[in-house]
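The primary structure of each chain is shown beneath.
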Amino acid sequence: MQEDEKFLSEVFAQLTDEATDDDKRRELVNFFKEFCAFSQTLQPQNRDAFFKTLAKLGILPALEIVMGMDDLQVRSAATDIFSYLVEFSPSMVREFVMQEAQQSDDDILLINVVIEQMICDTDPELGGAVQLMGLLRTLIDPENMLATTNKTEKSEFLNFFYNHCMHVLTAPLLTNTSEDKCEKDNIVGSNKNSTICPDNYQTAQLLALILELLTFCVEHHTYHIKNYIMNKDLLRRVLVLMNSKHTFLALCALRFMRRIIGLKDEFYNRYITKGNLFEPVINALLDNGTRYNLLNSAVIELFEFIRVEDIKSLTAHIVENFYKALESIEYVQTFKGLKTKYEQEKDRQNQKLNSNRFRRDAKALEEDEEMWSNEDEEDEGKAVVAPVEKSKPEDDFPDSYEKFMETKKAKESEDKENLPKRTSGGFKFTFSHSAGAANGANSTNSKSVVAQTPPASSNGSSSKTTNLTTSVTATKGSLVGLVDYPDDEEEDEEEETSPRKRPRLGS
């Protein structure tokens with residue numbers, strides 16, 4: 001039969017033909033189901049060849065049509081055939097679905113048809129939905145996805161799934177929790193009614209299945225599911241189910257949050273603290289009272305995990321916002337332990353700040369010392385340069401000195417003519433000069449000249465001139481070394497001849 005492609009082609013044509021009678025289609029679907037079940041007894045090579053033949057003849061498009069029919073038995077048989085195919089080769093099914101997405105709308109994609117059949121399962125126990133959820137889980141499991149050098153099946157299929165299929169999967173969850181948008185200002189510990197959450201047991205079971213699949217995504221699709229949760233604010237919507245009267249549904253919601261916290265991802269932690277998403281969990285714990293049950297244990301385990309793993313951001317958020325409501329719970333040391341962790345971290349941060357401040361102060365002191373030393377160096381530099389600037393007027397000193405000496409000679413000649421005698425009193429001042437400095441020679445001889453001071457009763461101009469000479473010489477000596485000038489020698493010669501003239505003046 002496997003080799004008779006003509007026969008199989010006719011069977012597939014009748015199976016997908018809308019004119020085919022329902023009973024006839026049911027028999028054909030059951031035939032393929034038995035055919036696939038019988039293939040399980042074949043050797044692996046023969047079984048692979050069998051399923052490849054079915055895929056070549058178009059088994060997947062046929063299942064896509066059959067699974068959308070209203071007949072429950074036909075859908076059930078089609079689901080069994082689909083499970084054989086997924087078990088045989090998940091990659092084959094994924095490849096077909098991605099190729100189909102390029103040509104069809106999202107509503108008629110095979111995976112979306114499977115999701116809708118799971119959601120619309122009329123079985124009170126949701127037997128078909130559980131089976132389909134298992135198939136979906138296999139298809140989105142990265143562990144059985146192939147990675148080649150040319151393409152990565154994981155990234156391609158997950159991009160396809162989150163873009164085209166995830167909104168179909170989460171639609172019932174978002175629909176049943178939409179009223180939570182109006183409840184933002186709840187007080188911790190307040191009792192809440194359960195009117196938000198569905199009381200229907202079948203709906204609660206369906207939501208639990210969806211949450212189980214989403215929890216699987218959190219564990220295995222870190223990047224894609226993270227973006228989806230952030231964009232859709234999905235965790236807030238899931239935690240609304242903590243108010244459900246069905247404990248198993250509340251536990252599924254708590255398990256979803258526990259998986260997120262278990263990743264210890266700071267992006268998730270900031271999302272939780274910013275959205276104040278611990279509030280519904282703590283409300284559920286307080287509403288549970290002193291009853292020791294599975295919900296109580298699960299909530300305590302969540303906070304114990306945060307304490308043991310020392311997740312600092314969550315610990316600080318819980319202690320700062322909810323410790324007053326939780327400090328009365330003393331049958332476990334979890335919350336006191338969280339408070340201790342919080343205080344220890346706070347002390348550590350304070351010590352770190354203080355040490356950093358002292359370190360900065362020491363550094364600032366070093367910078368100040370360096371600044372003062374630089375200023376001192378600048379001041380010393382100015383002190384060295386300043387005398388050079390002040391000595392600039394010395395360039396004009398020889399001219400002034402020549403004029404002074406001419407005036408002095410004129411005065412002395414007047415004194416010689418007007419005064420019959422000169423007293424020998426006076427004061428002495430000394431010019432120390434180097435002939436080499438003025439004349440370019442290497443001589444370092446010094447000469448002393450005695451200048452006679454006229455009597456006090458003589459003309460006052462001579463005294464003023466002498467005083468000016470003394471002050472100029474003193475100022476000159478205080479600034480730089482004394483310099484010899486050519487006129488000094490002439491003055492010395494005049495002073496030496498003046499004693500020989502005194503007898504003539506007195507005669």
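Keep in mind it's a predicted model, so treat the numbers as computed, not measured.

1. Observations regarding the overall build of the protein chain
And then number 1: Across its full length, the protein chain holds 23 helices and zero strands.
And then number 2: For the protein chain, the proportion of its 507 residues judged to be buried stands at 39%.
And then number 3: If you take every contact in the protein chain between residues at least 6 apart in sequence, the share linking residues at least 24 apart comes to 71%.
And then number 4: Accessible surface, the protein chain as shown: approximately 29000 Å² in total, 50% of it carbon and sulfur.

2. A short note on the packing of helix 2 (residues 22-39) against helix 5 (residues 72-88)
And then number 1: Running from N to C, helix 2 and helix 5 cross one another at 25°; their axes reach a closest spacing of 9 Å. By the angle between their axes, helix 2 is roughly parallel relative to helix 5. In terms of crossing hand, the pair formed by helix 2 and helix 5 is left-handed. Of helix 5, the residues touching helix 2 (which contributes Arg26, Val29, Asn30, Phe32, Lys33, Cys36 and Ala37) are Gln73, Val74, Ala77, Ala78, Asp80, Ile81 and Tyr84.
And then number 2: Broken down by class, the residue content of the contact of helix 2 with helix 5 amounts to nine nonpolar, two polar and three charged.

3. Quick notes on the packing of helix 8 (residues 127-139) against helix 11 (residues 201-220)
And then number 1: It is the contact of helix 8 with helix 11, at a shortest axis distance of 11 Å, that shows an interaxial angle of 15°. Classified by the angle between their axes, helix 8 and helix 11 sit roughly parallel to one another. Every pair of crossing elements has a handedness; the one defined by helix 8 and helix 11 is right-handed. Residues Ala129, Val130, Met133, Leu136 and Arg137 of helix 8 form the contact with helix 11, whose participating residues are Leu209, Glu212, Leu213 and Phe216.
And then number 2: The class makeup of the residues in the contact of helix 8 with helix 11 is seven nonpolar, no polar and two charged.

4. Some thoughts on the nonpolar core
And then number 1: Counting 116 residues, the largest nonpolar core has Phe82 and Phe278 as its most contacted members.
And then number 2: If you tally residues by element for this core, the top one is helix 11, at twelve residues.
And then number 3: Among the domains, domain 1 (1-108) and domain 2 (264-354) are the pair contributing at least three residues each to this core.
And then number 4: Not counting residues up to four positions away in its chain, the partners in contact with Phe278 are Met257, Ile261, Ile272, Leu302, Phe303, Ile306, Leu314, His317, Ile318 and Phe322.

5. Details of the pattern of salt bridges
And then number 1: Enumeration over the complete set of coordinates arrives at 14 salt bridges.
And then number 2: A salt bridge links Asp23 to Arg26; the shortest N-O distance between them is 2.7 Å. You can see Asp23 and its partner Arg26 sitting in helix 2, three residues apart, about one turn around the helix.
And then number 3: Looking at Asp23, the relative accessible area reads 43%, which means it is partly exposed.
And then number 4: Note that Asp80 is salt-bridged to Lys33, the shortest N-O span being 2.9 Å.

6. A closer look at the environment of Gln14
And then number 1: Its location among the elements puts Gln14 in helix 1 (residues 5-16).
And then number 2: On the basis of relative accessible area, Gln14 is assigned to the partly exposed category, the value being 33%.
And then number 3: For the pair Gln14 and Arg25, spaced eleven residues apart in the sequence, the C-alpha separation amounts to 7.4 Å.
And then number 4: Residues in contact with Gln14, not counting those within four places in the same chain, are Thr20, Lys24 and Leu28.

7. Re the side chain of Thr177
And then number 1: Looking at the element boundaries, Thr177 is found in the loop between helix 10 (166-176) and helix 11.
And then number 2: With relative accessibility at 0%, the residue Thr177 sits in the buried group.
And then number 3: Those residues in contact with Thr177 that sit more than four places away from it in its chain are Arg237, Val240 and Leu241.

8. Section: the confidence of the model for the protein chain
Detailed conclusions should not be drawn from predicted coordinates in areas where pLDDT is low.
And then number 1: Across the protein chain, pLDDT averages 76, with 65% of residues at or above 70.
And then number 2: Contacts of residues 180-196 to residues separated by more than four positions or lying in other chains number 31 contacts, the stretch itself having pLDDT below 50.
And then number 3: In this model, residues 421-481 is a region of pLDDT below 50 whose contacts with residues beyond four sequence positions or in other chains number 71 contacts.

9. A word on helix 7 (residues 110-119)
And then number 1: Among the ten residues of helix 7, eight are classified as buried, and the element is accordingly described as predominantly covered.
And then number 2: Along helix 7, the residues classified as buried are Leu110, Ile111, Asn112, Val113, Val114, Ile115, Gln117 and Met118.

10. A few points about unusual backbone geometry
And then number 1: Although it is not a glycine, Asn276 adopts a positive phi angle of roughly 55°.
And then number 2: Mapped onto the fold, Asn276 is located in the loop between helix 15 (266-274) and helix 16 (279-288).
And then number 3: Among the residues examined, Asn276 registers a relative accessible area of 28% and is labelled partly exposed.
And then number 4: You will see that Asp310, though not glycine, has its phi angle at about 55°, which is positive.

11. Quick notes on the environment of Asn296
And then number 1: Here Asn296 shows up in helix 17 (residues 294-309).
And then number 2: Residue classification places Asn296 among the buried residues on the basis of a relative accessible area of 3%.
And then number 3: Considering only alpha carbons, one finds Asn296 and Leu285, eleven residues apart in sequence, at a separation of 6.2 Å.
And then number 4: Dropping the residues within four chain positions of it, Asn296 is found in contact with Leu285, Asn288, Gly289, Arg291 and Tyr331.

12. A few points about the environment of Val238
And then number 1: Tracing the sequence through the fold places Val238 in helix 13 (residues 234-239).
And then number 2: In this structure, the C-alpha to C-alpha distance between Val238 and Phe256, residues 18 residues apart in sequence, is 8.1 Å.
And then number 3: Apart from the residues lying within four places of it in its own chain, the contact partners of Val238 are Leu173, Leu211, Ala253 and Phe256.

13. As for helix 6 (residues 90-101)
And then number 1: In this model, helix 6 (twelve residues) spans 17 Å end to end at C-alpha, consistent with the 16 Å of a helix rising 1.5 Å per residue.
And then number 2: With ten of its twelve residues buried, helix 6 lies for the most part within the structure.
And then number 3: As for helix 6, its buried residues are in contact with helix 3 (44-57), helix 4 (59-66), helix 5, helix 7, helix 8 and helix 9 (153-164).

Quick notes on the rules
- Residues numbered from 1 in each chain as written.
- Predicted model: local features only at pLDDT ≥ 70, side-chain atom pairs only at ≥ 80, totals over all residues.
- Heavy atoms only, no water.
- Helix = DSSP H or I, 4+ residues; strand = E, 2+ residues; numbered from the N terminus.
- Buried < 20%, exposed > 50% of the residue type's maximum accessible area, 1.4 Å probe, protein only.
- Contact = heavy atoms within 4.5 Å.
- Areas by Shrake-Rupley, 256 points an atom, 1.4 Å probe, with all protein chains shown as cover.
- Axes fitted to C-alpha atoms, helices over the stretch in contact; angles between N-to-C directions.
- Parallel < 35°, antiparallel > 145°, perpendicular 65-115°, else oblique.
- Left-handed = near helix turned anticlockwise from the far one by under 90°.
- Nonpolar A, V, L, I, M, F, W, Y, C, P; charged D, E, K, R; others polar.
- Core = buried A, V, L, I, M, F, W, Y, C linked by side-chain atoms within 4.5 Å.
- Domains from an automatic or database assignment.
- Salt bridge = Lys/Arg side-chain N within 4 Å of Asp/Glu carboxyl O.
- pLDDT = per-residue confidence, 0-100.
- Expected span 1.5 Å × (residues − 1).

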